[in-house]
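Topology and contacts: notes
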Amino acid sequence: MLVVEGLTCRFGTKAAVDNASFSVQPGSFVGVIGRSGAGKSTLLRMVNRLADPTEGRIFFEGVDVTALRGKALRQWRARSAMIFQQFNLVGRLDVLTNVLMGRLAEIPAWRSLTQLWPDQDKALAMSALEQFDMGQFAAQRADQLSGGQQQRVAIARALVQEPDIILADEPIASLDPRNTKIVMDALLRINKHFGITVLCNLHSLDLARSYCDRLIGMAAGRVVFDGQPSMLTDHIARELYDLEANDVIGGAPMPAPDAATAPALGSAAAA
Ligand SMILES: Nc1ncnc2c1ncn2[C@@H]1O[C@H](COP(=O)(O)OP(=O)(O)O)[C@@H](O)[C@H]1O
Ligand SMILES: [Mg+2]
């Protein structure tokens with residue numbers, strides 16, 4: 001279980017995240033919602049330790065993540081895999097190598113420099129790509145792929161990290177509706193089939209309602225809602241999004257989630 005206690009991150013006098021406390025049950029798919037500037041990215045970055053809290057603590061399975069240093073910190077970063085809006089692939093490298101980067105925490109440095117990846121890791125990376133229908137692109141340069149394809153590669157890379165939790169920061173913000181559905185379904189699949197906890201920042205309330213089993217609403221750095229999507233009334237949504245509410249709530253209807261119809265699992269990626 002992930003437990004966040006009184007987490008605060010200040011930049012100068014401004015609190016980007018202000019005394020946030022919540023816990024996340026293993027295996028859940030939690031959406032963090034709120035308007036731009038609410039503190040969603042800073043919150044996720046603190047969990048992954050890309051940003052340091054000014055106050056408060058983060059525990060994962062009883063371990064104080066905020067106190068980790070050196071090797072233990074690197075291991076935590078691998079166990080809490082980040083997925084970004086801009087995919088963060090290495091464009092000039094091929095797709096398979098990009099996925100193999102997810103294994104770096106497990107591999108001695110000399111091996112990654114020489115790109116002598118163990119066969120077992122290559123098989124794992126290939127299987128992860130196949131999970132998301134990206135096997136046929138393994139040898140292509142990452143920068144030749146569409147945005148939706150790149151995000152699927154990024155998700156495959158996160159999967160081979162064998163994470164306990166995936167932290168996705170607006171993973172669909174640069175995608176069209178079709179790719180939005182493909183990428184959200186991929187995240188849902190990771191969650192349902194592999195049992196990996198997902199904490200996902202989302203701007204769209206409709207998406208959050210369709211995919212998440214719990215929502216954490218943020219406004220001005222504070223957690224102002226924490227509950228099941230059905231508990232989030234239009235009234236609260238309007239408070240959360242302020243004047244944006246009509247845009248965010250009344251957008252195009254979202255397609256239904258689709259994890260159940262995804263192809264059957266290969267065994268290697270789950271190993
Ligand atoms: N590195 C930083 N330096 C200064 N201010 C920052 C930094 N990162 C975020 N902020 C500020 O913190 C607030 C929350 O930002 P952010 O976490 O990115 O929100 P969200 O992801 O919900 O849009 C914003 O006002 C933003 O300008
Ligand atoms: Mg953000």
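Look up a bit, the structure's there.
Residues numbered from 1 in each chain as written. Chains lettered and ligands numbered in written order. Predicted model: local features only at pLDDT ≥ 70, side-chain atom pairs only at ≥ 80, totals over all residues. Heavy atoms only, no water.

Below, the discussion takes up the packing of aromatic side chains. This structure, assessed with the given rule, holds 1 aromatic pair. Judged by centre distance (5.1 Å) and plane angle (45°), the ring pair of F60 and W76 falls under tilted. Residue F60 is found in strand β4 (residues 55-60), and its partner W76 is found in helix α2 (residues 70-79); the two are separated by 16 residues along the sequence. The class for W76 is buried, based on a relative accessible area of 3%. (Phe/Tyr/Trp six-rings, centres within 6.5 Å; stacked < 30°, edge-to-face > 60°. Helix = DSSP H or I, 4+ residues; strand = E, 2+ residues; numbered from the N terminus. Buried < 20%, exposed > 50% of the residue type's maximum accessible area, 1.4 Å probe, protein only.)

Every residue close to ligand 1 is listed here: F11, K14, A16, R35, S36, G37, A38, G39, K40, S41 and T42. The contact in question runs from an oxygen atom of ligand 1 to an N or O atom on the backbone of A38, over 3.2 Å. Measuring from an oxygen atom of ligand 1, one finds a backbone N or O atom of G39 at 3.0 Å. In isolation ligand 1 has 560 Å² of accessible area, and contact with the protein removes 60% of it. Ranked by the residues each element gives to the shell around ligand 1, the list is headed by helix α1 (residues 40-48), at 3 residues. A per-class count over the shell around ligand 1 returns 3 nonpolar, 5 polar and 3 charged. (Near = heavy atom within 4 Å. Polar contact = N/O pair within 3.5 Å; in protein donor to acceptor, adjacent residues only side chain to side chain. Areas by Shrake-Rupley, 256 points an atom, 1.4 Å probe, with all protein chains shown as cover. Nonpolar A, V, L, I, M, F, W, Y, C, P; charged D, E, K, R; others polar.)

With 5 of its 5 residues buried, strand β3 (residues 29-33) lies for the most part within the structure. Pairing of β3 with strand β8 (residues 197-202) involves 5 bridges; the strand directions are parallel. If you follow F29 over to β8, its bridge partner there is V198. (Pairing = 2+ DSSP bridges.)

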